[in-house]
Structures are given as C-alpha cells and as structure tokens.
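The primary structure of each chain is shown beneath.
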Amino acid sequence: MGEHPSPGPAVAACAEAERIEELEPEAEEQLPAAPEDHWKVLFDQFDPGNTGYISTGKFRTLLESHSSKLDPHKREVLLALADSHADGQICYHDFISLMSNKRSNSFRQAILQGNRRLSSKALLEEKGLSLSQRLIRHVAYETLPREIDRKWYYDSYTCCPPPWFMITVTLLEVAFFLYNGVSLGQFVLQVTHPRYLKNSLVYHPQLRAQAWRYLTYIFMHAGIEHLGLNVVLQLLVGVPLEMVHGATRIGLVYVAGVVAGSLAVSVADMTAPVVGSSGGVYALVSAHLANIVMNWSGMKCQFKLLRMAVALICMSMEFGRAVWLRFHPSAYPPCPHPSFVAHLGGVAVGITLGVVVLRNYEQRLQDQSLWWIFVAMYTVFVLFAVFWNIFAYTLLDLKLPPPP
C-alpha cells in the first residue's frame with residue numbers, strides 16, 4: 001500500500017501546501033523556516049491592513065482560479081470553510097488551522113456548516129481507483145462517520161509511517177507465546193502448566209512491587225485460544241484505527257487499557273495473577289463499537305449491525321472463557337488461575353478515553369473538555385490503585401498465594 005498514483009486525488013496534506021506556494025511565486029523568496037510564519041506571509045498578501053481577517057470572496061477566487069491544481073476533496077473543504085462564514089471573512093486562526101492540517105474546534109464547526117453546500121459525489125461513488133486507494137477508502141468508511149472527514153483522510157493518508165504500533169505489539173505477543181510454548185512443551189491452555197507463573201512477565205499479586213509486570217503481562221497468554229482472538233481483534237480493529245488516528249493516540253488508548261486492567265485486578269481480585277492483552281484489546285474494540293453506536297446514521301460500513309453482533313459474541317465468549325478459567329480448580333494451588341477483571345478495566349477505558357479519541361479525528365484533544373474530564377478520572381483511579389496496592393493488602397490482612 002503506497003501513495004496514490006497520478007492522476008487522482010493527492011494524498012499528502014503537505015503536497016497541497018506546496019501547490020499553494022506555487023500559486024504565489026513572489027512570496028517564495030520571503031518564506032521563513034517556521035511553518036506558521038510561512039502561512040502568515042501568504043495570509044498577509046490578502047490582508048494588507050493587518051486586520052487579522054481576509055475576505056472570503058478573495059479566498060474563493062483564489063481557490064476557483066486554481067482549482068485544477070488542488071486536491072478535489074481538499075478544495076471542497078476550503079470552499080465549505082469560505083461559505084460557512086456569514087460575515088464574509090476568514091480569521092487568521094482558521095487559516096493556519098487549515099494549512100497546518102491541525103483543525104481546531106472552531107474550524108470543525110465551520111466545515112460542518114459549510115458541508116451542507118458540498119455538491120460533489122460521495123467518496124464511495126468514485127470509480128477507477130487502484131487497489132491501495134480502495135483499501136484506504138474502505139478504512140475511511142470503517143472508522144469515520146462524516147463524509148468530510150473521510151475525504152480529508154483519503155487525500156491525506158500516505159502510509160508513512162505505517163501502522164507499526166499494533167503490528168509490532170502483535171508480533172511480540174506471538175513471539176513470546178511461541179517461545180513460552182516451546183519452553184513449557186504446551187500450547188493449549190498453557191496457563192495450567194505448573195511452571196507457567198514463574199515467567200517474569202506475568203503480573204502476580206506477591207510481586208506487585210515489580211512495576212513492569214503491570215504492563216508486560218500482555219505478552220503472556222493463557223493459551224493459543226486466548227492469543228488467537230486477541231490477535232484477530234488487534235489486526236482487524238486496531239490496525240485500521242491506527243491508520244486513521246495514528247500510533248500515538250491508538251497506542252495511548254491501548255496502553256491505558258492494559259494498565260487499567262492490571263490495576264483493576266489488583267483492587268477487585270487481589271489474590272489473582274493477570275495474563276493476556278485483553279485489557280488493551282477490549283479498550284480499542286469497545287471504543288470502536290461505542291463510536292459506531294453514537295454515530296449510527298453517519299457510519300457507512302457494510303453490514304454494521306451483523307458485524308457488531310459478531311464482535312460482541314466473540315468478546316462475550318472470550319470473557320466467558322476467562323471467567324470459567326478463573327474459577328476452575330487451579331494447577332498451582334493456592335494461587336488461582338488468572339483474573340478476568342482486566343477485560344472490564346479495558347472496557348471502562350474504551351468507553352471513556354477511547355471514545356473521545358475516536359470522535360475527534362484530526363482535532364486537538366486538549367481542546368476537548370470531555371478529554372480532560374476522563375483524563376482526570378483515569379488519573380484519580382491510577383493514584384487510588386497505587387495507594388491501594390501500598391496499604392490495603394496490609395490493612396486487610398489478606399493472605400496472598402506464595403511467590404511462584
């Protein structure tokens with residue numbers, strides 16, 4: 001999968017910047033190094049009085065006179081922005097947000113208002129696309145509820161960098177599982193092997209002071225049946241989400257789900273160990289499903305009701321397996337089998353932090369009040385769990401299983 005071939009819509013947002021620069025050659029020699037200063041030079045050409053605003057009429061004239069040199073979908077966004085300003089002016093802030101490809105809340109409102117005036121056909125109706133273009137379009141319709149966002153993503157995506165985070169995590173999980181399987185001589189229900197908990201990656205309540213275990217437990221799975229479902233969900237859901245929202249945001253949701261899962265176990269199921277990446281997987285999948293439900297009419301993915309039902313059935317079966325295993329007679333008494341509570345921790349992260357991330361494609365999260373509310377809630381939970389792990393085990397005089 002690579003860049004879109006020509007002819008066709010250009011894929012890189014920065015390519016549009018280069019084209020606009022070419023439209024005004026007299027500004028070329030004055031352009032400073034900083035991106036925002038670069039756009040200020042262009043803006044000042046249309047704002048000689050330094051009012052901080054430019055006429056939407058002049059803006060439209062510029063776009064329409066050079067329409068053949070601009071990406072069709074990006075041009076629609078620009079025109080929508082111009083049309084949405086009833087006062088006939090575009091402020092410097094919106095101009096910079098657009099040209100730097102970082103859309104603010106005010107810019108989002110502007111293009112959504114202008115979106116009513118867009119008359120071109122939907123992205124889904126375009127013909128003659130290459131295989132890579134069809135794949136990118138498919139990902140856009142799988143994850144984004146607004147046509148304007150789908151077009152923006154379609155033109156901006158370059159596959160550079162690729163969705164490396166989910167692929168790397170998945171490969172590491174498979175590699176550790178295979179190594180562990182060879183070491184134990186067991187691949188199905190590995191967790192029942194007497195030496196399973198001796199691995200230094202597993203979270204164990206007696207070793208909770210070893211902080212890395214709250215994260216590294218994702219590389220240990222109960223068996224091939226456990227690993228298989230997690231890998232499938234990570235690749236089918238996690239990779240498309242990372243292609244759209246980037247490794248930083250999706251990695252944040254995934255890791256937050258993983259940490260919340262192990263901390264939830266340390267609070268709610270204090271004597272049990274934890275293994276598997278279900279906390280992170282359930283965070284991503286629950287966020288994606290919640291986003292589909294909240295934007296049901298806008299999501300255009302095919303067979304969405306059937307696919308949601310299949311995803312919920314798979315998640316329920318995996319959760320049921322985890323509950324059964326937790327209460328099945330242990331292979332290493334008095335320590336029980338791994339807990340299922342990490343799944344619930346992941347779901348809690350997904351329907352809070354995860355939903356905010358998925359609902360704000362290309363928007364600055366720091367501008368979202370809900371983001372800060374959920375970050376504060378997550379921080380309070382983490383601090384509570386840390387203090388619980390330090391003091392509660394002693395105060396409750398809980399009898400923990402011996403170290404493995």
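One structure accompanies this document, and this report is about it.

Cut-offs and rules
- Residues numbered from 1 in each chain as written.
- Predicted model: local features only at pLDDT ≥ 70, side-chain atom pairs only at ≥ 80, totals over all residues.
- Heavy atoms only, no water.
- Phe/Tyr/Trp six-rings, centres within 6.5 Å; stacked < 30°, edge-to-face > 60°.
- Buried < 20%, exposed > 50% of the residue type's maximum accessible area, 1.4 Å probe, protein only.
- Helix = DSSP H or I, 4+ residues; strand = E, 2+ residues; numbered from the N terminus.
- Salt bridge = Lys/Arg side-chain N within 4 Å of Asp/Glu carboxyl O.

Side note on the packing of aromatic side chains
Thought 1: For the coordinates displayed, the defined rule picks out 11 aromatic pairs.
Thought 2: Here Tyr153 and Tyr157 contribute two aromatic rings whose centre-to-centre distance is 5.3 Å and whose plane-to-plane angle is 40 degrees, an arrangement assigned as tilted. The exposure classification of Tyr153 matches that of Tyr157, with both residues buried.
Thought 3: Ring plane angle 55 degrees and centroid distance 5.1 Å describe the contact between Tyr203 and Tyr214, whose orientation is recorded as tilted. Here Tyr214 lies in helix 10 (residues 213–216) and Tyr203 lies in the loop between helix 9 (164–184) and helix 10, a separation of 11 residues in the sequence. Tyr214 shares its class with Tyr203; the two are buried.
Thought 4: Of the aromatic side chains, those joined through ring pairs into one cluster are Tyr153, Tyr157 and Tyr361.

A short note on the environment of Ala348
Thought 1: Summarising the element assignment, Ala348 is placed in helix 14 (residues 341–358).
Thought 2: Ala348 sits in the partly exposed class, given a relative accessible area of 40%.
Thought 3: Each C-alpha atom of the pair Ala348 and Ala283 lies 7.2 Å from the other, and the pair is 65 residues apart in sequence.

Observations concerning the pattern of salt bridges
Thought 1: Applying the stated rule across the entire model yields 5 salt bridges.
Thought 2: Across the pair Arg307 and Glu142 runs a salt bridge whose closest N-O atoms are separated by 2.3 Å. Of the two residues, Arg307 sits in helix 13 (residues 304–327) while Glu142 sits in helix 7 (residues 131–143), which places them 165 residues apart along the sequence.
Thought 3: Residue classification places Glu142 among the buried residues on the basis of a relative accessible area of 11%.
Thought 4: Glu147 serves as the salt-bridge partner of Arg150, at 3.0 Å between the closest nitrogen and oxygen.

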